[in-house]
Amino acid sequence: MSASPLGDVSTASEPPVVVGVDGSDHSLRALEWALSAAEHLGSPLVVAHVRSDALQLGAARIASLGPSPELPDTVVGAVQAVVEKRGHALPVVYESLDGSVTDALPAAARDARLLVTGSRGRGGFASLLLGSTSRTLAATAPCPLVVVPHEARTAALEDGAGAGRVLLGLHTEETPDEVVAFAFEAAHHRGVPLEVLTAFRLPPQPGALVVAPSPALQVPPPLPFTDDMEEQLVQGVKREQEERLRPFAARRPEVSVVPVVSPGDAAGLLVDGSREAGLLVVGRHHRHRFGSLLVGSVAHAVLHHAHCPVAVVPPAAP
């Protein structure tokens, strides 16, 4: 079912931004972010609502009795009123979808530039930081998924999707090129700096090692990790980061890059950095050996705890 034909945006020069709504406050925050993002990108916006199971069942029963008018989607009607009151300078299409949310939204976003959702929808426990739908979409969305958390900074939302710098979590060996390119493009379209954070772990100090249970298993203790050794490690990671970013920076020389290398836990450092960011970008990581996509530990942590919208970028199709 469709409140307006998707073909209205299929001929647009730019792929659409798709936002999932259900009428909840969380989804309306996502809608506001998606509107601003679409305007920055010059993309049309598709506002998609997956009808409730009860409404889908009722519509099917009515249709089985013969030709009849379609049941109105009150959520789409209410959201359309919100959008029109705000005003917009881009094409907006409203879609009423059937099926499960975790199937219907990825299908609607198959050729999209972005899929945007709130952190939680209607129902569930208010104390949850991330709903099951957003968690599932992070692993299955065919395009970058942006989750707008309900605890996002008010200033960032009021100023739209262009507020605040872009923060990229970069593992120099594992982060796919698609993730890095997305972060550069996001910073370019917003006209903001790109901060790139690469975290690494320091070797354990000798006092932190477990004593061997038997003299036969005893090994010589490692040499103490000195400040000079830490500085050498930092400089090595900086060189790796610079080499990884060089081709992307060459393609987007107008983007101001702020490189950061720090010892510590990547997820914790990114969550802390998200307090002053407008968008946090991470890779989905990784494809399971049986072919299913999994959300990595860093993406999982920032989706639950980041203070700004989080973009989870999938790897390229195999």
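Just so it is clear, the model here is predicted, and its values are computed rather than measured.

Residues separated by three or four positions in an α-helix point in the same direction, a consequence of the helix having 3.6 residues per turn. Taking 1.5 Å per residue, 13 residues should reach 18 Å; helix α4 (residues 74-86) reaches 19 Å between its end C-alpha atoms and fits that length. Regarding α4, the residues found buried are Val75, Val76, Val79 and Val83. Angularly, the buried residues of α4 cover 90 degrees about the axis, an arc narrow enough to put them on a single face. Exposed and facing more than 90 degrees away from the buried side of α4 are Thr74 and Lys85. Its buried side turned inward, α4 meets α2 (25-41), β2 (45-50) and β3 (92-97). Capping the start of α4, Asp73 holds a side-chain oxygen 3.1 Å from the backbone nitrogen of Val75, two or three residues further along. Downstream of α4 by one or two residues, Gly87 has phi in the positive range, about 90 degrees.

Moving on: the packing of helix α10 (residues 266-273) against helix α11 (residues 297-305). Packing of α10 against α11 brings their axes to within 9 Å, and their N-to-C directions diverge by 30 degrees. Comparing their axes, α11 and α10 come out roughly parallel. As for the relative orientation of α10 and α11, their crossing is right-handed in sense. Across from Ala266, Ala267, Leu270 and Val271 in α10, the residues of α11 making contact are Val298, Ala301, Val302 and His305.

All told, the structure shown has nine salt bridges when counted by the stated rule. For the salt bridge of Glu14 with Arg113, the shortest nitrogen-to-oxygen distance reads 2.8 Å. With Glu14 in the loop between α1 (7-10) and β1 (17-20) and Arg113 in the loop between α5 (101-108) and β4 (114-118), the pair connects residues that are 99 residues apart, well separated along the chain. Assessed through its relative accessible area of 30%, Glu14 is described here as partly exposed. One salt bridge in this structure joins Arg201 and Asp265, with 3.4 Å as the shortest N-O distance. One end of the pair, Arg201, is in the loop between β7 (194-200) and α9 (227-251); the other, Asp265, is in the loop between β8 (257-263) and α10, with 64 residues separating them in the sequence. A network of salt bridges, in which partner residues are shared, links Glu32, Glu39 and Arg86.

Turning our eyes to something else, we now look at empty space enclosed by the protein. A complete count under the given rule lists one cavity of 30 Å³ or more for this structure. The computed volume of the largest cavity comes to approximately 40 Å³. In this structure, the largest cavity is lined by Val147, Pro149, Val302, Leu303, Ala306, Cys308 and Val310. Across the lining of the largest cavity, the residue classes tally to seven nonpolar, no polar and no charged.

It is worth spelling out the environment of Val19 at this point. On the secondary structure map, Val19 appears in strand β1. Looking at Val19, the relative accessible area reads 0%, which means it is buried. The sequence separation of Val19 and Ala34 amounts to 15 residues, and the corresponding C-alpha distance is 6.4 Å. With sequence-adjacent residues up to four places away left out, Val19 is seen in contact with Ala30, Leu31, Ala34, Leu45, Val46, Val47, Ala48 and Val116.

The rules behind the values
Residues numbered from 1 in each chain as written. Predicted model: local features only at pLDDT ≥ 70, side-chain atom pairs only at ≥ 80, totals over all residues. Heavy atoms only, no water. Helix = DSSP H or I, 4+ residues; strand = E, 2+ residues; numbered from the N terminus. Expected span 1.5 Å × (residues − 1). Buried < 20%, exposed > 50% of the residue type's maximum accessible area, 1.4 Å probe, protein only. Arc of directions from axis to C-beta. Contact = heavy atoms within 4.5 Å. Polar contact = N/O pair within 3.5 Å; in protein donor to acceptor, adjacent residues only side chain to side chain. Axes fitted to C-alpha atoms, helices over the stretch in contact; angles between N-to-C directions. Parallel < 35°, antiparallel > 145°, perpendicular 65-115°, else oblique. Left-handed = near helix turned anticlockwise from the far one by under 90°. Salt bridge = Lys/Arg side-chain N within 4 Å of Asp/Glu carboxyl O. 1 Å grid on protein atoms, 1.4 Å probe; cavity = no way out; pocket = protein on both sides within 12 Å on 5 of 7 lines; lining within 4 Å. Points joined across faces, edges and corners; volume = space filled by probe spheres on them. Nonpolar A, V, L, I, M, F, W, Y, C, P; charged D, E, K, R; others polar.

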